[in-house]
Amino acid sequence: MPKTVVPEDKRRRRRPTRSGTVLSERLIVETALRLLREHGSAGLTARRLGLALDCDPSTLYRYFRGMDDLTLAIGDALIGEALAGWTPAGEWRTDLRTIGLRIHAQYVAHPQAALLTTNRVTGRAHELAADEAVLDILRTAGFSLPDTVRIYHAFIDQTLAFAALDAASLALPKDSQRADEDKWHSTYARLPHTTHPRIAEASRLLAKRMVTSAYPTALDMLLDSAERSL
């Protein structure tokens, strides 16, 4: 059964941990991100978090109902970091492109966390603020309500899908990453015109592009489509 979270005004520790640290939700999330970066998803446990924060693991349940609740907080924190300091420029296409690129970049900067959170709906403050901003940009631009929801759906899912795809590649061991990237030179670039004419003619361009993210291109294609419907 999920544990009851202590209300915000009562859950702060009145004394620091053994190492002198005063716990907070933000500190726990930041520590969890570090553990994910260093150990992967398997390394994110209440016991390991307790050790890293120098507190009893049960203390974490004063802040989160469980590890799944912490996972949602991590996802929401990434969105918050992505939009920190962002202000709308007042041009709908520019604003959507900026939001998309910032969210994608933040997830890719934390690939292990992205694999845990890109498919989740947090319902937390930063996610709600991002969704409100996207919907407001589209409505203010003059899109109908049905078109706004349609474009919002495609925009959000595309951003998170590419974030998950790119994060999955970055989360691979370095040797596997290099091996995958090398295939474009060691295999594709050596295919003869006689058997694979289209791959052969495109091999140099493929080797250059396929080791980068296609998200900016896909985002522009989505925005082009949206613009035609306005």
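Scroll up a little and you will see the structure.
Residues numbered from 1 in each chain as written. Predicted model: local features only at pLDDT ≥ 70, side-chain atom pairs only at ≥ 80, totals over all residues. Heavy atoms only, no water.

A. Representation of the nonpolar core. Judged by nonpolar contacts, the single largest core of 50 residues is most densely connected at Leu-49, Ile-74, Ile-99 and Phe-155. Of all the elements in the fold, those that place two or more residues in this core are α2 (25-39), α3 (46-53), α4 (67-83), α5 (92-109), α6 (111-117), α7 (125-141), α8 (145-170) and α11 (215-229). Element by element, the count of residues in this core is highest for α8, at eight residues. Not counting chain neighbours up to four residues away, the residues in contact with Ile-74 comprise Val-29, Ala-32, Leu-33, Leu-36, Leu-44, Ala-113 and Thr-117. (Core = buried A, V, L, I, M, F, W, Y, C linked by side-chain atoms within 4.5 Å. Buried < 20%, exposed > 50% of the residue type's maximum accessible area, 1.4 Å probe, protein only. Helix = DSSP H or I, 4+ residues; strand = E, 2+ residues; numbered from the N terminus. Contact = heavy atoms within 4.5 Å.)

B. Representation of the packing of α2 against α4. Running from amino to carboxyl end, α2 crosses α4 at an angle of 95 degrees, the nearest separation of the two axes being 10 Å. Relative to α4, α2 is oriented roughly perpendicular. Taking contact as the criterion, the partners of Glu-25, Arg-26, Ile-28, Val-29, Ala-32, Leu-33 and Leu-36 in α2 are, on α4, Leu-70, Ala-73, Ile-74, Ala-77, Leu-78 and Glu-81. (Axes fitted to C-alpha atoms, helices over the stretch in contact; angles between N-to-C directions. Parallel < 35°, antiparallel > 145°, perpendicular 65-115°, else oblique.)

C. Seen up close, unusual backbone geometry. Here Asp-54, not a glycine, exhibits a phi torsion of approximately 60 degrees, which is positive. For Asp-54, the location among the structural elements is in the loop between α3 and α4. Given the relative accessible area of 22%, Asp-54 is considered partly exposed.

D. View of α7. For α7, which comprises 17 residues, the first-to-last C-alpha distance of 24 Å matches the rise-based estimate of 24 Å (1.5 Å per residue) to within 8%. On its buried face, α7 sits against α4, α5 and α8. Once α7 ends, the next one or two residues include Gly-142, with phi positive near 110 degrees. (Expected span 1.5 Å × (residues − 1).)

E. Structural context of the pattern of salt bridges. Considering all chains together, one arrives at 12 salt bridges under this definition. Of the charged contacts in the structure, one is a salt bridge between Arg-124 and Asp-69, with a shortest N-O distance of 3.3 Å. In this pair, Arg-124 sits in the loop between α6 and α7 while Asp-69 sits in helix α4, placing the two residues 55 residues apart along the sequence. Looking at Asp-69, the relative accessible area reads 12%, which means it is buried. (Salt bridge = Lys/Arg side-chain N within 4 Å of Asp/Glu carboxyl O.)

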